[in-house]
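Coordinate inspection notes
Residue strings, one per chain:
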Amino acid sequence: MTEQSTHAARAGSGAAGAARQQRHPDLVLAIVLICQTMFILDTNVVNIALPDIQHDLGFSAAGLSWVLNAYMLAFGGLLLLGGRVGDIVGQRRALIGGVVIFTLASLAGGLATSAGMLLAARAGQGIGAAIAAPTVLALITVGFPDPARRARALGAYAAVSGSGAAIGLIAGGMLTDWISWRWVLFINVPIGVVLLILAPLFITETDRHPGRFDLAGSLTSTLGMTALVYGFIRAAEQGFGDVVTLGALGVAAVLLVLFVAVESRARQPIVPLRLFADRNRAGGYVVLLFVLAAGNGMFFFLTQFLQQVRGYSPLQAGFAFVPLALVILASSGVAARLLPRLGAKTLIAVGAGAISLALLWMTQLTPQADYALALLGPMMIAGLGMGTLLVGATTVLSSGIRAEDAGAASGLLNVMQQIGGALGLAILVTVFGAATRASRGPAHQVLTDGVTTAFTVAAAFTACTILLALTMKNRPAPTAESAATEQLTR
């Protein structure tokens, strides 16, 4: 069989699979987006429940942070491996397997009777999410070949990704205040069961790309990513001058350099380096890194400001983010419609500019700041920017991907989100600490000074994103003919 006929056979099989999915496109999209919401939400949903968890399970003050970190460490460390799983065994199988692990771990976490049991369950949730999360974007990329449908699907994906942190804070406050902290974990069980019933019925399995796992690449990437995430987590707690922090980051650097060397020679790499050959895609990964660094810090410090300075209850603090989440959802839909006319480059630049403006506005906060006058405006502008930017960035990162690379590309996108969030929080917490130590005055003024200084640095992150967007090529939106050509060349 010639190379051309092999490509044609693959294209025919892939097109058939896509066609079968299109019988229920809305259901397929709803299933994968519920998965994405669940995985992103669980990064933040336990935030507001931490005081109750500490009281019930006897966590120390230092150990409590690992309720968050155990999930982030397993999720971020295994994402590259998880992305490759879907390419080899099929995206639907990977999705179902990951959801099974995530659901069982959520049940165990809700039933936890000790700190150790809860931390093990949170790590289990991270493992399940690392396997299933990369399949979400991969199923959209492969299953929606029509440009118009794909644009709408990517807009919905961006909306969920951008609003997930805010939704997590809202849901965490409601469940903790109204029922129990255990329900921030139990809530995943019925959702997971529904997903496990619907996925086999409505999601058609993608083409499998048989091969062996790149063991050397898997080992170096998993250990390297785990060390990197741990280094950032440790830096947020102890600072970048800490010996363990420096050791973890040093080990991560060595392992990741070795990983790149391994991948450049591997026959079936866990992350094909050709994904970085396109200038727009390479820039898109860096865009996500900077934006998630700023966005994660914004959510973290706004939550602290509202509760510790303005005296909001957990439930009030959660509901304060409702306008932000709604604007992200609305602006993502509008951006998806404008994408064919404006192009991804323009959406990224405009979105980054809006986020920068919002963060600079927040640098003017005072301890007496009124929510409606001082916070509602910049939060809505930030939501507008996030929804717009994420549509552009997700489009750039999902265009022109070979079918056999869809899972790896999605895994890499998720890695940038996790690393960006962890790195951003580590840097901004360090900046916050330095600012509070240098501040003088009442406690509320000191904390406010730290928050506004952190927002200044976060605005610098998003300003870098504007400059990066300007270096991209604003390619025309795909037509039906170009989409067919792309399908045939996969």
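We now turn to the structure provided with this report.

Reading the values: the criteria
- Residues numbered from 1 in each chain as written.
- Predicted model: local features only at pLDDT ≥ 70, side-chain atom pairs only at ≥ 80, totals over all residues.
- Heavy atoms only, no water.
- Helix = DSSP H or I, 4+ residues; strand = E, 2+ residues; numbered from the N terminus.
- Phe/Tyr/Trp six-rings, centres within 6.5 Å; stacked < 30°, edge-to-face > 60°.
- Buried < 20%, exposed > 50% of the residue type's maximum accessible area, 1.4 Å probe, protein only.
- Salt bridge = Lys/Arg side-chain N within 4 Å of Asp/Glu carboxyl O.

Attention shifts here to the environment of Gly 343. Within the secondary structure layout, Gly 343 lies in the loop between helix 15 (322-342) and helix 16 (344-362). Between the alpha carbons of Gly 343 and Gly 392 there is a distance of 7.5 Å; along the sequence they are 49 residues apart.

Let's shift gears to the packing of aromatic side chains. Within this structure, the stated rule accounts for 8 aromatic pairs. Where Phe 39 meets Phe 102, the ring centres are 5.1 Å apart and the plane angle is 75°; that geometry is what we call edge-to-face. Linking Phe 39 in helix 2 (residues 25-44) with Phe 102 in helix 6 (residues 91-110), this pair joins segments that are 63 residues apart in sequence. Neither Phe 39 nor Phe 102 differs from the other in exposure class; each is buried. Geometrically, the ring pair formed by Phe 301 and Phe 432 is tilted, given 5.2 Å between the ring centres and 35° between the ring planes. Of this pair, Phe 301 sits in helix 13 (residues 279-309) while Phe 432 sits in helix 18 (residues 406-438), and the two are 131 residues apart along the sequence. Residue Phe 301 is classed as buried on the basis of its relative accessible area, which comes to 1%. Cluster of aromatic residues (ring-pair linked, three or more members): Phe 300, Phe 301 and Phe 432.

What follows covers the pattern of salt bridges. Counted according to the given criterion, the structure contains 1 salt bridge. Between Arg 234 and Asp 242 there is a salt bridge whose closest N-O contact spans 2.8 Å. Classification of Asp 242 by relative accessible area gives buried; the value is 16%.

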